[in-house]
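An overview of the molecular structure
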Amino acid sequence: QEAIQSILLNDNDDDSNSSTDDDDDLVDMDDDEEQGEARLELSHSKGVTRVTLEALLFGHEEAVTAVCWHPKPIPLYQQEEILISSSMDRTILIWSSITGIWTPLTRVGSAGGILGGSIGSTLLGFVNVAVEPEFGTSLVGHAYGGAIHVWNMEQHDI
């Protein structure tokens, strides 16, 4: 394992571009910030690793606990990239970027949860998510209380 020697966070927030209007978007990107600019730099013995922000995904109502790429999305979704996320909001979202903007295709789990459910249910949300690697047709959610939830995905011709 390699030790990180230093961390540099590029925080370009300056008060000259900020606004207090209630009608402003929740996400405020500086106009002068260059696209692809490294937001985080990690220095290590082999050089520097720069991390950039590609997209912000809005859809979960609580903290996101895990994300993973679908291993074989083309047979099911006819797309190169499908992202899956789990959250403490008791849901798992399947994301697509058909138009270049990441949007949820579907939501599984129990939106709103089952109040008064057992601790093994999804009452406290999901801590992890995985996709069956060989065919990519089963989605597995690991609930906070220890329960394992499995959903099977199928493609139907219309």
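What counts, and where the lines are drawn
Residues numbered from 1 in each chain as written. Predicted model: local features only at pLDDT ≥ 70, side-chain atom pairs only at ≥ 80, totals over all residues. Heavy atoms only, no water. Helix = DSSP H or I, 4+ residues; strand = E, 2+ residues; numbered from the N terminus. Buried < 20%, exposed > 50% of the residue type's maximum accessible area, 1.4 Å probe, protein only. Contact = heavy atoms within 4.5 Å. Areas by Shrake-Rupley, 256 points an atom, 1.4 Å probe, with all protein chains shown as cover. Pairing = 2+ DSSP bridges. Axes fitted to C-alpha atoms, helices over the stretch in contact; angles between N-to-C directions. Salt bridge = Lys/Arg side-chain N within 4 Å of Asp/Glu carboxyl O. Lys, Arg positive; Asp, Glu negative; His and termini not counted. Polar contact = N/O pair within 3.5 Å; in protein donor to acceptor, adjacent residues only side chain to side chain.

Check the secondary structure of the protein and you find one helix and ten strands. Out of the 158 residues in the protein, the part that is buried amounts to 28%. In the protein, once contacts between residues fewer than 6 apart in sequence are set aside, the share between residues at least 24 apart is 42%. A total accessible area of about 11,000 Å² is found for the protein, and carbon and sulfur atoms account for 51% of it.

Glancing now at the sheet that holds strand E9 (residues 138-143). The sheet built from three strands is open, its strands ordered E8-E9-E10 with antiparallel pairing. The sheet is open, and its two borders are formed by strand E8 (126-131) and strand E10 (148-152), each paired with just one other strand. The mean angle between the axes of side-by-side strands here comes to 20°, regardless of whether they run parallel or antiparallel.

Another aspect to go through is the pattern of salt bridges. Tallying each qualifying case throughout the model produces one salt bridge. Between glutamate 41 and arginine 50 there is a salt bridge, and its shortest N-O distance comes to 3.3 Å.

Once that is clear, we can look at the sheet that holds strand E5 (residues 82-87). The four strands lie next to each other as E4-E5-E6-E7, forming an open sheet whose pairing is antiparallel. Each end of this open sheet is capped by a strand with a single partner; those strands are strand E4 (64-69) and strand E7 (103-109). Taking the axes of each pair of neighbouring strands and ignoring which way they run, one obtains an average angle of 20° across the sheet. Where E4 meets E5, five bridges bridge the pair, whose relative direction is antiparallel. Looking at the pairing, cysteine 68 lines up with isoleucine 84 of E5.

So, on to the pairing of strand E6 (residues 91-96). Along a regular strand, successive side chains alternate from one face of the sheet to the other. Across the six residues of E6, six count as buried, placing the element largely inside the fold. Neither face of E6 is exposed, since Thr91, Leu93 and Trp95 on one face and Ile92, Ile94 and Ser96 on the opposite face are all buried. As paired elements, E5 and E6 share five bridges and run antiparallel to each other. Bridge pairing in E6 links serine 85 to leucine 93. Where E5 hands over to E6, the hairpin turn is made up of three residues, of which arginine 90 adopts a positive phi near 75°. Two elements, E6 and E7, share six bridges in a ladder whose sense is antiparallel. Paired with serine 96 across the bridge in E7 is threonine 103.

All right, on to the side chain of aspartate 89 then. Looking at where aspartate 89 falls in the secondary structure, it is placed in the loop between E5 and E6. One buried charged residue, aspartate 89, forms no salt bridge at all, with the nearest opposite charge on arginine 107 at 4.1 Å. Polar side-chain contacts of aspartate 89 include one of 2.5 Å to the side chain of threonine 91.

Turning next to the environment of glutamine 78. With respect to the helices, strands and loops of the structure, glutamine 78 is situated in the loop between helix H1 (73-77) and E5. Judged by relative accessible area, glutamine 78 falls into the exposed class, the value being 51%. Glutamine 78 sits 20 residues away from isoleucine 98 along the chain, and the two C-alpha atoms are 9.9 Å apart. A polar atom in the side chain of glutamine 78 sits 3.2 Å from the backbone oxygen of proline 75.

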